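Architecture at a glance
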Amino acid sequence: MTTPTTSATPENAPPVQVPKAAVAAPPVQVRVAAPLAPPQVIPRAEELKTDHAWSDRLPTKSPWRLWLEAHLQNLGGDNLLQSSFSISAIVHSLLVVLLGLLLIPHEAGPTNALVIVAQVGAEAGSPTQLASKAAAFSGDGFQLSTAVQPNAEVSVNVPRSNSEPPPSSTIVPWDLGLDRHTAEHYHDKGENNPYSGLDGRNPSFRDSLVGQPGGPTRRSEEAVERGLKWLAAHQRPDGSWHFDLHKGPCQGQCGNSGNVGSTTAATSMALLAFLGAGYTQLDGPYREVVQRGLYYLERKLVFTPQGADYRDATQYGMYSQGLTTIVLCEALIMTRDPGLRKYAQPAVDFIIAAQDPRGGGWRYTPGEPGDTTVTAWQVMALKSARAAYLRVPSQTVAKVSQFFNHVQSENGAAYGYLSSGKEPTTTAVGLLCRMLLGWPREQPQLAQGVVYLAGRGPSPQDMYYNYYATQTLHHFGGPLWITWNEKLREFLVKTQSSTGHENGSWQFEDEHESGTKGGRLYNTCMAIMTLEVYYRYLPIYNDDAHQPRRPGR
């Protein structure tokens, strides 16, 4: 599940472009992440069903509140005297703090505003030049809007704290597409966020896409269902999945077991495949499968003052954190089950606290300088969190753009792993994240990167590359997507196993060792989610002739 490091000399690239349509961002919020404290295990799901007091105290509350309640639980028996002293100390401490706030003078400082001035350069190539390159790959006409003009200046007022250092001038603000009042409107009415991109996950819409240009076929949809059936058959009795197929119902009857030990990552990948098809714990033929998987994730939660830790004590901890958080957020969006919120928000909080405070990315452990692949899963988790109306500070998202500025090359058309570079997989990852972070379709570097990926075409071995590149091409749309889709869709249909216990699964060996370490379970999940791309996330830029419109619109 790792990606090889690419060493390259950082380039003095011009500032990243800030389109006028994406510059309105909410005020910057600052969250100071303290070092992670030793984990504290909370009650399991079975206990929460009978102990409502504990259920109400799950980690949506502050660490101070949890600490106070923990002391109050000691009342009674031999702990009565000790707890009395604790309560007395708490009360007196609070009084001292209150007096201090009243007596110490507070001098209000001036309100500062950061003005971002960005230049939109043309070094990456004009849309006309890119169109000619694209036509060479597709054989069809290719047009890009020229709404973004070179050397246009855009000023943005972003309120910030006096104590916070100014963000980089190359930050691209992230806007979900909803203002506060619109978001509250949908939330108060109990409706899903129409901009979440998940409203294509219903049987009627899936059916309507079959046979459309750039869409699925009946055979590819059958491959998805066969893959889900294989996954359901390999779920363990406790609701989890394991990359090592010897540790589940399969008992090694399928070849190509993986060796990654994280059951939260394996379980989350399997659940993402079911959710991508529109099957939840409340609806669809796999209700019990999804419900048992969610219960398992809830039991695996470890609570810390920074939030819900789902890293599963493995080498690839933040991969597991990101995957699990996406599952919880997507299930919350799709079902509006209030019970999921108390798990999803703390999981998001942990991601926020684990961000590298300097570089803005994530890697295997909290606070570690980031890499492109781990950061991408956290970006998708934060995007899902905002779509679920969970709290995500704007400053956290702004720092992510700083990270991608650091690993980009060719002015943002290509991306490296730990530093500036140009590799197919990390470029696909970086471009998708730029889309999620607000780049418009007219961004010249975006088109340049898409042309690069389309020119390489799908990989016959690397499903990690295929997974990200497929999403990038799908969101971008156009003739390049049509060509890419036909090749990869038919390749996956033909390479799905059709005999024995492996019937419905996939296995590939890639240069990053993901296929070996994750094994057949990993490859099957990635292949299913890739074949679900048409409705799993609706296109970000849905005004293209080759892209489906949102249901009912």
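Residues numbered from 1 in each chain as written. Predicted model: local features only at pLDDT ≥ 70, side-chain atom pairs only at ≥ 80, totals over all residues. Heavy atoms only, no water.

Below, the discussion takes up the side chain of Ser-268. Mapped onto the elements of the fold, Ser-268 is located in helix H9 (residues 263–276). Discounting residues that sit within four places of it in the chain, Ser-268 has contacts with Leu-297, Leu-323, Thr-324 and Val-327. (Helix = DSSP H or I, 4+ residues; strand = E, 2+ residues; numbered from the N terminus. Contact = heavy atoms within 4.5 Å.)

Any residue range with low pLDDT should be treated as having predicted coordinates unsuitable for detailed reading. Residue-level pLDDT values for the chain average 75, and 61% of them are 70 or greater. Contacts for the low-pLDDT stretch residues 1–87, under 50 throughout, to residues beyond four places or in other chains number 145 contacts. Below a pLDDT of 50 lies the segment residues 100–192, which in the model reaches 146 contacts outside its immediate sequence neighbourhood of four places, other chains included. (pLDDT = per-residue confidence, 0-100.)

Two cysteines, two sulfur atoms, one covalent bond between them: this is a disulfide. In this structure the tally under the stated criterion is 0 disulfides. Lacking any disulfide linkage, Cys-250 is separated from the closest cysteine sulfur, that of Cys-254, by 3.6 Å. The buried category is assigned to Cys-250, whose relative accessible area is 1%. The exposure class of Cys-254 is buried, given its relative accessible area of 2%. (Disulfide = S-S within 2.5 Å. Buried < 20%, exposed > 50% of the residue type's maximum accessible area, 1.4 Å probe, protein only.)

Our focus in this paragraph is the side chain of Arg-201. As for its placement among the helices and strands, Arg-201 is situated in the loop between helix H6 (180–188) and helix H7 (203–209). At a separation of 3.1 Å, a polar atom in the side chain of Arg-201 contacts the main-chain carbonyl oxygen of Leu-275. Apart from residues no more than four positions distant in its own chain, Arg-201 is found in contact with Leu-275, Gly-276, Gly-278, Glu-330, Met-334, Tyr-535, Arg-536 and Tyr-537. (Polar contact = N/O pair within 3.5 Å; in protein donor to acceptor, adjacent residues only side chain to side chain.)

By secondary structure assignment, the location of Tyr-534 is in helix H20 (residues 533–536). Note on Tyr-534: relative accessible area 3%, which makes it buried. The spacing of Tyr-534 and His-475 is 59 residues in sequence and 9.6 Å in space, taken between C-alpha atoms. Of note is the side chain of Tyr-534, whose polar atom sits 2.6 Å from the side chain of Asn-485.

As a further point, take the pattern of salt bridges. Inspection of every chain in the model, using the stated rule, returns 12 salt bridges. Here Glu-221 makes a salt bridge to Arg-206, at a shortest N to O gap of 2.7 Å. Of this pair, Glu-221 sits in helix H8 (residues 218–233) while Arg-206 sits in helix H7, and the two are 15 residues apart along the sequence. Here Glu-221 matches Arg-206 in class, with each residue buried. Arg-489 is the partner of Glu-490 in a salt bridge, and the nearest nitrogen-oxygen pair spans 2.8 Å. With a relative accessible area of 22%, Glu-490 lands in the partly exposed category. (Salt bridge = Lys/Arg side-chain N within 4 Å of Asp/Glu carboxyl O.)

The next thing to look at is unusual backbone geometry. Unlike most non-glycine residues, Asp-312 shows phi in positive territory, near 65°. Checked against the element boundaries, Asp-312 lands in the loop between strand E5 (307–309) and helix H11 (317–335). At Tyr-389, a residue that is not glycine, the phi angle is positive and equals roughly 65°. Positionally, Tyr-389 belongs in the loop between helix H13 (372–387) and helix H14 (394–407).

With 14 residues, H14 extends 21 Å from end C-alpha to end C-alpha; this agrees with the ideal 20 Å at 1.5 Å per step. Counting buried positions over the 14 residues of H14 gives 12, a clear majority of the element. The elements touched by buried residues of H14 are helix H12 (338–354), H13, strand E6 (408–409), strand E7 (414–415) and helix H15 (424–436). (Expected span 1.5 Å × (residues − 1).)

Here the focus is the packing of aromatic side chains. Scanning all chains against the criterion turns up 15 aromatic pairs. Between Trp-481 and Tyr-534 the ring centres are 6.3 Å apart and the planes differ by 55°, which places this aromatic pair in the tilted class. With a gap of 53 residues between them, Trp-481 in helix H18 (residues 479–495) and Tyr-534 in helix H20 connect regions that are remote in the sequence. One cation-aromatic arrangement involves Arg-201 over Tyr-537; the distance from NZ or CZ to the ring centre is 5.2 Å. Here the basic side chain of Arg-441 rests over the ring of Phe-476, its NZ or CZ set 4.4 Å away from the ring centre. (Phe/Tyr/Trp six-rings, centres within 6.5 Å; stacked < 30°, edge-to-face > 60°. Lys NZ or Arg CZ within 6 Å of the ring centre and 35° of its normal.)

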